[in-house]
Amino acid sequence: MFLESVFGKTIEYPFHSIPNATVDNTFSLRYQSLRDTFLKEITSIYESYPNFTYVFTGHSLGAGLSTHAALDVALLGIVPLDQIQAYNYGSPRVGNWAFSDMYDNLIPDTWRVVHYNDVFVPSPDCFKDPEGNCVHGTSQAGYGKASKDESFYWHTNN
């Protein structure tokens, strides 16, 4: 019951047209509340520092917000794709398979670190791809684990 009160309902991805993409409403609403200011600021920063690498990072709720921010910046073309990286820690699920697929294709330099026993990481309920597989914000199926004794998982598309 607690997790149900933390996470919202699943809605159509509201920021760009991605066919069949849905996201958790909680992250979407919170990102929407800061989106205009963030996009204005990152545009200004990029104009001043066009050769930098832009790293999006966060923990828990912040990781969900940084996932939205990185994809938004990528889709708007504010920062070239090869200058975007993401490092997130303890991120709950952000979107379904269509959202995840778009994200993974645009931002392949992504790392997502989670503790195997974190109650928020598998929340909200699993988003299913067309084959019925559980898909997390950035391809949970791609997790690696160094050994059965280690408690942290990681994900990268590299």
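Residues numbered from 1 in each chain as written. Predicted model: local features only at pLDDT ≥ 70, side-chain atom pairs only at ≥ 80, totals over all residues. Heavy atoms only, no water.

**Considering the packing of aromatic side chains**
Consideration 1: Throughout the structure, instances matching the rule amount to 7 aromatic pairs.
Consideration 2: Consider the rings of Tyr-13 and Phe-15, whose centres lie 5.6 Å apart with planes at 80 degrees: the pair is edge-to-face.
Consideration 3: A relative accessible area of 3% places Tyr-13 in the buried class.
Consideration 4: Relative accessible area serves as the criterion here: at 9%, Phe-15 is assigned to the buried category.
Consideration 5: Ring centres 5.3 Å apart and planes at 85 degrees place the aromatic pair Phe-15 and Tyr-31 in the edge-to-face group. Highlighted residues: Phe-15 in the loop between strand S1 (10-12) and strand S2 (22-24) and Tyr-31 in helix H2 (residues 25-48), separated in sequence by 16 residues. Here Phe-15 and Tyr-31 have matching classes, each one buried. (Phe/Tyr/Trp six-rings, centres within 6.5 Å; stacked < 30°, edge-to-face > 60°. Buried < 20%, exposed > 50% of the residue type's maximum accessible area, 1.4 Å probe, protein only. Helix = DSSP H or I, 4+ residues; strand = E, 2+ residues; numbered from the N terminus.)

Just geometry here; none of it tells us what the structure is for.
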